[in-house]
Amino acid sequence: MTKITILGAGFGALTTLRELRRQNVDAEITIIAPKDELHYLPGSIWIPPHLRRADDLRIPLARYFAKHRAHFVRASVTGLAEGGRVVTTDAGDHRNDHLVIATGGRFIRKLPGIENALVPCESLAVAEEIERRLNVLESGSIAIGFASNPNEPGAMRGGPMFEYLFIIDAMLRKLGRRSRFEITFFSPAPRPGARLGERAVDGLLAEMKARDIKTLLGHKMVRIEADKVVTEGGEIKADLILFMPGLTGPAWLANSGLPLSPGGMILADAQCRARDHENVWVVGDSGSFPGPDWMAKQAHQADLQAATAAANIMAVLNRREPTAAFKAELICIVDMLDAGVLVYRSEKYNFVSPRLKLFHWLKGFFEGYYLRQFR
């Protein structure tokens with residue numbers, strides 16, 4: 001029987017598994033990941049305002065794997081051999097006929113003093129620490145910002161930082177403590193959030209101004225100290241620093257033999273194939289794909305790539321040319337706790353909604369709907 005190995009247990013990996021079975025692929029499928037859990041990090045923005053607990057967002061996957069007839073191996077990948085036909089891990093080697101890499105990216109932690117900042121999307125535990133610090137901080141200064149991979153500007157995740165910014169502001173206002181805080185948003189980009197479209201950037205900056213949130217934009221970061229952010233354009237005093245650095249590929253890619261982009265991601269084509277590697281497929285944040293410069297590193301795009309990879313694996317198994325290509329599409333709701341803004345972008349359209357309470361509710365509804373398939 002054909003052996004398919006999927007690396008990872010995040011959005012891209014789980015959607016690949018589901019789509020393979022939906023395509024009626026009759027194969028032995030193995031999932032390799034450190035944990036058989038999905039951590040729904042998009043929902044972590046609601047941990048500080050007490051709308052979610054970490055346990056609400058930590059989903060056991062044993063039932064999902066059983067439903068889709070997948071064998072789970074608890075291990076961490078250390079590299080590849082034989083052109084991808086063998087996956088090496090800290091728990092032994094695993095051979096495959098098709099390999100799907102969906103391990104996600106990792107944050108670049110080279111900025112001096114980055115240990116002084118909290119990186120929100122690194123784990124649910126970080127969101128809990130943000131909650132704890134906000135609970136005890138009666139007054140002071142808060143600095144929130146993000147940066148990209150300088151060698152691959154699209155390798156970034158800025159959306160959650162806008163959400164943390166507006167949610168913390170709204171939360172402090174509800175508690176009657178906002179007047180005792182100075183909040184500053186910072187980014188090396190002069191117009192952060194450009195992937196969302198120019199209208200969205202204008203709206204986000206206007207929202208910051210309306211909420212009396214200061215900005216320090218367009219200056220290269222120098223370092224982060226325990227009580228301040230230092231850039232080439234000035235310093236920000238801060239009692240709490242939230243910072244999202246740019247993304248690069250997983251560390252084990254250095255031992256993979258796969259072709260890498262300047263930013264450290266796996267070079268892949270529109271069919272989600274790793275360049276010059278037969279039956280090695282790439283899904284999600286670990287890949288560098290062709291597409292517009294606004295193409296996002298987000299779960300929705302990973303899901304689209306997963307469906308494409310599954311369709312093309314099915315084509316190969318049926319001795320057909322893999323021709324399915326994923327669509328570049330950005331969909332997100334920037335939540336502000338008391339409202340939300342819907343942003344949609346494709347090759348043809350770019351839509352930015354008004355700020356409405358409806359979209360805050362819609363984001364919560366989507367979370368429940370999306371997670372239901374895994375519970």
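Here the structure is a predicted model, which is why all the values come from computation and not from measurement.

**Q** Sorry, what's going on with the overall build of the protein chain here?
**A** Looking only at helices and strands, the protein chain features seven helices and 24 strands. The globule rule puts the C-alpha radius of gyration for 375 residues at 21 Å, and the 21 Å found for the protein chain is close to it. Along the first, second and third principal axes, the C-alpha set of the protein chain runs to 65 × 45 × 40 Å. For the protein chain, long-range pairs separated by at least 24 residues make up 65% of all intrachain contacts whose partners lie at least 6 apart in sequence. When the accessible surface of the protein chain is summed, it comes to about 16200 Å², and 51% of that surface belongs to carbon and sulfur atoms. Measuring between centres, the 48 positive side-chain charges of the protein chain sit 3 Å from its 42 negative side-chain charges.

**Q** What should I look at first to understand the packing of helix α4 (residues 159-174) against helix α5 (residues 198-210) in this one?
**A** Packed helices, taken two at a time, are described by their axes: the angle between them and the distance between them. Direction vectors running N to C along α4 and α5 enclose 25°, while the axes themselves pass 11 Å from each other. The angle between α4 and α5 falls in the class roughly parallel. Crossing handedness for the pair α4 and α5: left-handed. In this structure, α4 contributes F162, L165 and F166 to the contact, and α5 contributes L204, E207 and M208.

**Q** Help me understand the pairing of strand β22 (residues 330-335) in this model?
**A** Two faces, one strand: in a regular strand the side chains alternate between the faces of the sheet. Of all the six residues making up β22, five are buried; the element is thus mostly covered by neighbouring parts of the structure. Here six bridges tie β22 to strand β23 (residues 340-345), and the two strands are oriented antiparallel to one another. Residue pairing in the sheet places D335 in a bridge with G340 of β23.

**Q** Would you mind going over the nonpolar core with me for this structure?
**A** Soluble, globular proteins show a tendency: their nonpolar side chains are buried together. Core analysis: the largest hydrophobic core is formed by 109 residues, its most contacted members being I6, F65, I101, I142, F166, L242 and F374. By residue number, the principal contributor to this core is α4, which donates 10 residues. With residues up to four places along the chain from it excluded, the contact list for F374 reads L14, L38, I59, P60, L61 and Y64. In this structure, A117, A147, F186 and L216 belong to the second largest nonpolar core, which totals 14 residues.

**Q** Just checking my understanding: could you explain the sheet that holds strand β13 (residues 214-217) for this structure?
**A** Hydrogen bonds between backbone groups are what pair the strands of a sheet, and the pairing can be parallel or antiparallel. Within the open sheet, the four strands sit side by side as β13-β12-β11-β17. Their pairing is parallel. The two strands at the open ends of the sheet, each matched to only one other strand, are β13 and β17 (240-244). Mean inter-strand twist for the sheet, computed between neighbouring axes without regard to direction, equals 15°. As paired elements, strand β11 (residues 140-146) and β17 share five bridges and run parallel to each other. Among the inter-strand pairings, G145 is bridged to a residue of β17, identified as F243.

**Q** What should I look at first to understand the sheet that holds strand β20 (residues 280-282) in this one?
**A** What the five strands build is an open sheet, ordered β5-β2-β1-β9-β20; its pairing is parallel. In this open sheet, the two edge strands, each paired with only one partner strand, are β5 (70-74) and β20. Across the sheet, the mean angle separating the axes of adjacent strands is 20° when strand polarity is ignored.

**Q** Looking at this model, I keep getting lost on the layout of surface pockets. Mind explaining?
**A** Rolling a probe over the atoms, with the probe sized like a water molecule, indicates the empty space that remains. A volume near 280 Å³ is recorded for the second largest pocket. Considering the residues around the second largest pocket, the lining is formed by 20 residues, among which E152, G154, F289, M295 and K297 are closest to the centre. Tallying contributions element by element places helix α6 (residues 299-317) first for the lining of the second largest pocket, with three residues. Grouping the constituent residues of the lining of the second largest pocket by class yields eight nonpolar, eight polar and four charged.

**Q** I would appreciate a short explanation of the packing of aromatic side chains in the present structure.
**A** Any pair of aromatic rings gets described here by the distance separating the centres and the angle formed by the planes. Evaluation of the coordinates by the stated rule reveals 13 aromatic pairs. Look at F11 and Y40: their rings are 5.9 Å apart centre to centre, the planes differ by 80°, and that puts the pair in the edge-to-face class. Of this pair, F11 sits in helix α1 (residues 11-22) while Y40 sits in the loop between β3 (37-39) and β4 (58-60), placing them 29 residues apart in sequence. Per residue, the accessibility class of F11 equals that of Y40, and both read buried. Ring centres 5.8 Å apart and planes at 65° place the aromatic pair Y370 and F374 in the edge-to-face group. One aromatic cluster in this structure is built from F11, Y40, Y64, F65, F72, F366, Y370 and F374.

**Q** Hey, could you run me through a nonpolar patch on the surface in this one?
**A** A contiguous nonpolar patch, built from L362, F365, F366 and Y369 and spanning about 450 Å² of accessible area, is present on the exposed surface. Examined against the element boundaries, L362 turns out to sit in helix α7 (residues 357-372). On the accessibility criterion, L362 (37% relative accessible area) is partly exposed.

**Q** Could you clarify how one ought to interpret the pattern of salt bridges in this entry?
**A** Pairing between side chains of opposite charge can happen when the charged atoms of each approach one another. Counted by the stated rule, this structure contains 30 salt bridges. Here D36 and R74 are joined by a salt bridge, their closest N and O atoms 3.4 Å apart. Here R74 lies in strand β5 and D36 lies in the loop between β2 (28-33) and β3, a separation of 38 residues in the sequence. Between D269 and R273 there is a salt bridge, and its shortest N-O distance comes to 2.8 Å. Looking at D269, the relative accessible area reads 22%, which means it is partly exposed.

Conventions used here
Residues numbered from 1 in each chain as written. Predicted model: local features only at pLDDT ≥ 70, side-chain atom pairs only at ≥ 80, totals over all residues. Heavy atoms only, no water. Helix = DSSP H or I, 4+ residues; strand = E, 2+ residues; numbered from the N terminus. Rg over C-alpha atoms; globule rule 2.2 N^0.38 Å. Contact = heavy atoms within 4.5 Å. Areas by Shrake-Rupley, 256 points an atom, 1.4 Å probe, with all protein chains shown as cover. Lys, Arg positive; Asp, Glu negative; His and termini not counted. Charge placed at Lys NZ, Arg CZ, Asp CG, Glu CD. Axes fitted to C-alpha atoms, helices over the stretch in contact; angles between N-to-C directions. Parallel < 35°, antiparallel > 145°, perpendicular 65-115°, else oblique. Left-handed = near helix turned anticlockwise from the far one by under 90°. Buried < 20%, exposed > 50% of the residue type's maximum accessible area, 1.4 Å probe, protein only. Pairing = 2+ DSSP bridges. Core = buried A, V, L, I, M, F, W, Y, C linked by side-chain atoms within 4.5 Å. 1 Å grid on protein atoms, 1.4 Å probe; cavity = no way out; pocket = protein on both sides within 12 Å on 5 of 7 lines; lining within 4 Å. Points joined across faces, edges and corners; volume = space filled by probe spheres on them. Nonpolar A, V, L, I, M, F, W, Y, C, P; charged D, E, K, R; others polar. Phe/Tyr/Trp six-rings, centres within 6.5 Å; stacked < 30°, edge-to-face > 60°. Patch = residues over 30% accessible without salt bridge, like charges linked within 9 Å, V, L, I, M, F, W, Y side chains within 5 Å. Salt bridge = Lys/Arg side-chain N within 4 Å of Asp/Glu carboxyl O.

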